[in-house]
Amino acid sequence: MSFQVHAKDLLGRVGTIKTRSGAFDTPHMFPVLDPYFQILDPAFFERAGIGAVMTNAYLLKRGQRSSEAADVHDTLKFKRSVATESGAYQILEYGEVGVKPSEIIEYQEKIGTDIGVILDVPTGFRSDPRRARWTVDETVRRADQALDLTSRNDILWMGPVQGGVHLKEVARSAEEMSKRNFPIYALGSPTELMESQRYDILVEMIIAAKTALPKSKPFHLFGAGHPVLFPFLVALGCDLFDSAAYALYARAGRYLTSEGTQLLGDMVEFSCTCPACLDTSPAKVFADPRERETRLVQHNLWACFSELRRIREAIRKGRLWELLEARSRAHPSLMDCFDRIRSHAEQLESSTPVVKPHGIFHLSSSSEDRPEALDYRARLSRSAEEKGRIVLVLPGRWRRPFHEDPRYQVVSNSFDDNPEISICYYSPTWGPVPIELDETFPIAQAEGRDLGEPELYQSKAAHVASFVKTLRPRRVILVSHGEYGRTVATELTKTLGRRKIVLLNGERLKPQAIMKSIERKVALVG
Ligand SMILES: [Zn+2]
């Protein structure tokens, strides 16, 4: 039994969890199965590549007819990994459940679960701080009791973190749980936040829990099952989810997609090509009440699992940020969620690879917070440029690396080795790019675009000017090109004074004329 990580991006990761009953890839969602009403054939899970499911140990125990508890794999007719939840959700819904925490541990061991959950006390959405504190303390007490009680060492136990919307309690709970050796940690009580689209608090809860928990362990988020949220939750470090939403939505005629939920009755065509949608139409599916639910259940699961596969591929390629950019456009509340995640950019940076196998895209101002941009700005401020030289500031926009741009290549080449001169490009994507960093990741590998926004020019130009100032230049020669070039000229003049700046008009002068002018200026200053 183990958790292996194969690839990382932002706080997300691609991994494998091995249990006694087999291995499955993460990020993963456990479809929650009703032990007494199974709508899907076991062969479906095989075909859909679903390697682990979840069911409710409390409901199983309550409905047990014979004196011997049957193996949960036999009950569900599912041979691969089975996780069981303890009934904590029933506590949340109905108050007490009439079963002792110790009984539910023993029962999960008896039925041969692969991944178990202790009977914690969910804080819920509406608890006041006092109640939240109590649920945290009581869950910790039960965790100790559970760890003493377990006799099998082939079950992966989840340690639930509580605290609800009270972030200090979440952090305290995570700290306490991290002192106890659980193979998997989990965060409770997010369902109502997701239903009411309070993604801002959800993001903060996950960050508070993740910060205190050991990074080497998988992290489970209870009750998350809509594909629209998966990329964001994975980016925050969630490896596992569980949900019955796929089935509950199907019953209500709801059709899940990565961009949101649709009503089957409102649909004319399926754009999805999963086996449940292929060769049929919404009207045909709608017309047959028996088939309708089964088809929707199947499609909803395909939708969840194809999104998880897409996320895993994005992590492997280092493009999870691009997926968030795209998905955040699906709904204003997702844009809020993305903005909130962006406010934790430094945490995301710490776990993102410094160099990636593929180039990245710089799409809009939201890309400014991506870890690669943060990392670049940090490297820039550490860059050991020689001080007190003449700084030649050139446009960096039409081709990468910038020094190979045919418009100014001859200028770059002529002065690159001159000990009197430092070359710095002004890029609409990155701001200042000294020639030494021009070929490093991500500058040379990033696809950016010139947004043509005066405000963006302004902030980039200010960054160029403040960077050039740190070089304590004897003189600055700026080849100005276009609106952005003029903004850089204004900012440099403001920061360093008019007498330090020599302006050359890159739009009017030919490269040879630019070189002659630079040579004259260098001779004068040198
Ligand atoms: Zn489909």
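Before any of the text, the structure's been laid out above.
Below: a short report on this structure. (Residues numbered from 1 in each chain as written. Predicted model: local features only at pLDDT ≥ 70, side-chain atom pairs only at ≥ 80, totals over all residues. Heavy atoms only, no water.)

Section: the overall build of the protein
Stated formally: Runs of E in the DSSP output that reach at least two residues are strands. Runs of H or I that reach at least four are helices, and both are numbered from the N terminus. Only protein chains enter the accessibility calculation, which uses a 1.4 Å probe; a residue whose area is less than 20% of its type maximum is buried, one above 50% is exposed, and one in between is partly exposed. The contact rule is simple, with two residues in contact once any of their heavy atoms fall within 4.5 Å. What sets the accessible areas is the Shrake-Rupley method with a 1.4 Å probe; for residues, cover comes only from the shown protein chains. Under the convention used here, Asp and Glu are negative, Lys and Arg are positive, and both His and the chain ends fall outside the count. Note that the charge is assigned to NZ on lysines, CZ on arginines, CG on aspartates and CD on glutamates.
Looking only at helices and strands, the protein features 21 helices and 18 strands. Considering only C-alpha atoms, the protein reaches an extent of 100 × 55 × 40 Å along its principal axes. When the 526 residues of the protein are sorted by exposure, 56% land in the buried category. Within the protein, residue pairs in contact and separated by at least 24 positions form 72% of the contacts whose partners lie at least 6 positions apart. Roughly 23100 Å² of accessible area belongs to the protein as shown, and the carbon and sulfur atoms make up 49% of that amount. Of the charged side chains in the protein, 71 are positive and 68 negative; the average position of the first set lies 4 Å away from that of the second.

Some words on the coordination of the zinc ion
Definition in use: Metal sites are built from N, O and S donor atoms within 2.8 Å, or 3.2 Å for Na, K and Ca, and they leave out water, so they may look incomplete. Only two sets of limits are used to name each site, 85 to 135 degrees for every angle of a tetrahedral four-donor site, and over 155 degrees for opposite donors with all other angles from 65 to 115 for a square planar four-donor or octahedral six-donor site, with any other site named irregular.
Binding of the zinc ion to the protein goes through Cys-272 (SG), Cys-274 (SG), Cys-277 (SG) and His-299 (ND1), at separations of 2.1 to 2.3 Å. Bound by four donor atoms, the zinc ion shows angles of 99 to 119° at the metal and therefore tetrahedral coordination geometry. One chain supplies every donor to the zinc ion, and in sequence these donors are spaced C-x1-C-x2-C-x21-H.

Concerning the side chain of Thr-135
Our working definition: Pairs of N or O atoms within 3.5 Å make up the polar contacts considered here, provided that, within protein, one atom can donate a hydrogen while the other can accept it, and that residues adjacent in sequence are counted only when both atoms are side-chain atoms.
Mapped onto the secondary structure, Thr-135 falls in helix 6 (residues 129-149). Judged by its relative accessible area of 0%, Thr-135 falls in the buried class. Polar contacts involving the side chain of Thr-135 include one to the side chain of Thr-123, which spans 2.8 Å. Excluding anything up to four places from it in sequence, Thr-135 contacts Val-121, Pro-122, Thr-123 and Gln-162.

Quick notes on helix 13 (residues 289-317)
Since there are 3.6 residues in each turn of an α-helix, residues three or four apart along the chain are aligned in direction. The condition that has to hold: By this rule, a helix spans an expected 1.5 Å times one less than how many residues it contains.
Counted at 1.5 Å a residue, the expected span for helix 13 with its 29 residues is 42 Å, and the 42 Å between its end C-alpha atoms agrees. Positive backbone phi, at 75°, marks Gly-318, one or two positions downstream of helix 13.

Digging into the sheet that holds strand 15 (residues 421-427)
Condition: Pairing between two strands requires that DSSP report at least two bridges joining them. Throughout, an axis means a line fitted to C-alpha atoms (over the contacting stretch in the case of helices), and angles, computed between N-to-C directions, take values from 0 to 180 degrees.
One open sheet holds the five strands; their spatial order is 16-15-14-17-18, and the pairing between them is mixed. The open sheet has two free edges, formed respectively by strand 16 (431-434) and strand 18 (501-505), since each of these has just one partner strand. Averaged over all pairs of adjacent strands, the angle between strand axes in this sheet comes to 25°, irrespective of strand direction. Where strand 17 (residues 475-480) lies against strand 18, five bridges are found, and the strand directions are parallel. Each residue of the ladder has a partner; that of Val-479, found in strand 18, is Leu-504.

Observations regarding the nonpolar core
Spelled out, the test is: Side-chain atoms within 4.5 Å link the members of a nonpolar core, which is a set of buried Ala, Val, Leu, Ile, Met, Phe, Trp, Tyr and Cys residues.
Of all hydrophobic cores here, the largest spans 91 residues; its most connected members are Phe-45, Leu-187, Ile-206, Leu-233, Phe-241 and Leu-301. Aside from chain neighbours lying at most four places away, what touches Phe-241 is His-28, Met-29, Phe-30, His-220, Leu-221, Ala-224, Phe-230, Leu-233, Val-234 and Leu-308. Ranked by size, the runner-up nonpolar core spans 48 residues in total, among them Ile-360, Tyr-376, Tyr-457 and Leu-478.

What to know about the packing of helix 7 (residues 167-178) against helix 9 (residues 199-212)
The condition is simple: Each angle is binned into one of four classes, with values under 35 degrees roughly parallel, values over 145 roughly antiparallel, values of 65 to 115 roughly perpendicular, and all other values oblique. Each helix crossing is assigned a hand: it is left-handed if the near helix lies turned anticlockwise from the far helix by less than a right angle, otherwise right-handed if that turn is clockwise. Three classes are used: nonpolar for Ala, Val, Leu, Ile, Met, Phe, Trp, Tyr, Cys and Pro, charged for Asp, Glu, Lys and Arg, and polar for all others, with Gly counted as polar.
Contact pair helix 7 / helix 9: the axes reach a minimum separation of 8 Å and the direction vectors enclose 30°. Here helix 9 runs roughly parallel to helix 7, going by the angle between their axes. Here helix 7 and helix 9 pass one another in a crossing that is right-handed. Packed against helix 7, whose contacting residues are Leu-167, Val-170, Ala-171, Ala-174, Glu-175 and Ser-178, the element helix 9 presents Glu-204, Met-205, Ala-208, Ala-209 and Ala-212 at the interface. Taken together, the residues of the contact of helix 7 with helix 9 sort by class into eight nonpolar, one polar and two charged.

Focus: the pairing of strand 9 (residues 184-187)
Applicable threshold: Classification remark: right-handed applies to a crossover when, strands pointing away from the viewer, the course from the first strand over the helix to the second runs clockwise.
Of the two faces of strand 9, the one carrying Ile-184 and Ala-186 and the one carrying Tyr-185 and Leu-187 are both buried. Taken together, strand 8 (residues 156-161), helix 7 and strand 9 constitute a β-α-β crossover, and its handedness is right-handed.

Quick look at the environment of Val-234
Mapped onto the elements, Val-234 comes out in helix 10 (residues 230-235). For Val-234, a relative accessible area of 0% corresponds to the buried category. Taking the C-alpha atoms as reference points, Val-234 and Leu-320, separated by 86 residues in sequence, lie 9.2 Å from one another. Those residues within four positions of Val-234 in sequence are excluded, and the remaining contacts are Leu-11, Gly-12, Pro-27, Phe-241, Ile-311 and Ile-315.

Looking at the pairing of strand 13 (residues 260-263)
Sheet analysis places strand 12 (residues 254-257) next to strand 13, joined by four bridges and oriented antiparallel. Looking at the pairing, Tyr-255 lines up with Gln-262 of strand 13. Hairpin geometry of strand 12 and strand 13 is characterised by an intervening segment of two residues between the two adjacent antiparallel strands.

Remarks on the sheet that holds strand 2 (residues 12-19)
Strand pairing within a sheet occurs via backbone hydrogen bonds; the two strands may be parallel or antiparallel. Overall, antiparallel pairing links the three strands, which are arranged 1-2-3 in an open sheet. Two strands lie at the open edges of the sheet, namely strand 1 (2-9) and strand 3 (22-26), each paired on one side alone. Averaged over all neighbouring strand pairs, the angle between strand axes comes to 15°, with direction disregarded. Two strands pair when backbone bridges link them, and strand 2 and strand 3 are joined in this way by five bridges, in the antiparallel orientation. Within strand 3, the residue paired with Ile-17 across the bridge is Phe-24.

Describing unusual backbone geometry
A cis amide bond links Thr-26 to the next residue, Pro-27, at an omega of 0°. Of note, the bond from Phe-441 into Pro-442 is cis; its omega dihedral lies within 30 degrees of zero at 0°. Relative to the helices and strands, Pro-442 is located in the loop between strand 16 and helix 19 (454-470). The phi angle at Leu-10 is positive, at roughly 50°, despite the residue not being glycine. With respect to the helices and strands, the residue Leu-10 is situated in the loop between strand 1 and strand 2. Notably, Asp-279 is not glycine yet its phi reads approximately 65°, a positive angle.

Bear in mind that shape data such as this cannot, by itself, settle questions of function.
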